[in-house]
Amino acid sequence: QVQLMESGGGLVQAGGSLRLSCAASGSAFSILNIGWYRQAPGKQRELVATATSGGSTNYADSVKGRFTASRDNAENTVYLQMNSLKPADTAVYYCAALVLGRPARWGQGTQVTVSS
């Protein structure tokens, strides 16, 4: 079974950038669709980006134009480049392996805090 681990979170000022990584174990990574989610305190977890096995990406309206998802199948890693960060982006960010469009396996999450 695939295991996922996020890294790259931290504290950044508004307008700054971070790059999150989602490293996966397992030989089936290249056929997986991966979703990036986030959960802010008191709010539901929301999908912010997807990176499909075919290389296409999709984004929530709230991050479109600021976040970019990419993947390196040779490294079994999916990235989320986050630019022009806002305090509203503060959340725990998770990656998930998607099966039929739904998260089937989660990473442990990484905290992103954006100060104003």
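That block above? That's the structure.
Residues numbered from 1 in each chain as written. Predicted model: local features only at pLDDT ≥ 70, side-chain atom pairs only at ≥ 80, totals over all residues. Heavy atoms only, no water.

(A) Spotlight on the packing of aromatic side chains. Counted under the stated rule, the structure contains two aromatic pairs. Here Y37 and W106 contribute two aromatic rings whose centre-to-centre distance is 4.8 Å and whose plane-to-plane angle is 65 degrees, an arrangement assigned as edge-to-face. Of this pair, Y37 sits in strand β4 (residues 33-39) while W106 is found in strand β10 (residues 102-106), placing the two residues 69 residues apart along the sequence. Exposure remark for W106: the relative accessible area of 33% places this residue in the partly exposed category. Note on Y94 and W106: the rings are 6.0 Å apart at their centroids and 80 degrees apart in plane angle, and the pair reads as edge-to-face. Here Y94, found in strand β9 (residues 91-99), pairs with W106, found in strand β10; they are twelve residues apart in sequence, far enough to count as distant. Given a relative accessible area of 13%, Y94 falls into the buried group. Members of the aromatic cluster, connected to one another through ring pairs, are Y37, Y94 and W106. The side chain of R45 reaches across the aromatic face of W106, ending 4.4 Å from its centre. Over the aromatic face of F29 sits the side chain of R71, whose NZ or CZ is 4.8 Å from the ring centroid. (Phe/Tyr/Trp six-rings, centres within 6.5 Å; stacked < 30°, edge-to-face > 60°. Helix = DSSP H or I, 4+ residues; strand = E, 2+ residues; numbered from the N terminus. Buried < 20%, exposed > 50% of the residue type's maximum accessible area, 1.4 Å probe, protein only. Lys NZ or Arg CZ within 6 Å of the ring centre and 35° of its normal.)

(B) Representation of the side chain of D89 within the structure. Take D89: it is sitting in the loop between β8 (77-82) and β9. Among the polar contacts made by the side chain of D89, one reaches the side chain of R38 at a distance of 2.9 Å. Dropping the residues within four chain positions of it, D89 is found in contact with R38, R66, F67, S84, V112 and V114. (Polar contact = N/O pair within 3.5 Å; in protein donor to acceptor, adjacent residues only side chain to side chain. Contact = heavy atoms within 4.5 Å.)

(C) Summary view of the nonpolar core. Counting 29 residues, the largest nonpolar core has W36, L80, M82 and Y93 as the members making the most contacts within it. Excluding residues that lie within four positions of it along the chain, Y93 makes contacts with E6, L20, Y37, R38, F67, L80, M82, G109, T110 and V112. (Core = buried A, V, L, I, M, F, W, Y, C linked by side-chain atoms within 4.5 Å.)

(D) How the structure looks around the environment of R105. As for its position among the elements, R105 is in strand β10. Taking the C-alpha atoms as reference, R105 lies 7.6 Å from Q3; in sequence the two are 102 residues apart. In this structure, R105 is in contact with Q1, V2, Q3, L4, C95, A96 and A97, ignoring residues within four places of it in sequence.

(E) Structural view of the state of the cysteines. Applying the stated criterion across every chain, the model contains one disulfide. Two residues share a disulfide in this structure: C22 and C95, whose sulfurs sit 2.1 Å from each other. Classification of the bridge connecting C22 and C95 rests on its S-S torsion, roughly 75 degrees, and on that basis the disulfide is right-handed. Note that C22 is positioned in strand β3 (residues 18-25) and C95 in strand β9, a separation of 73 residues in sequence. C95 sits in the buried class, given a relative accessible area of 0%. (Disulfide = S-S within 2.5 Å.)

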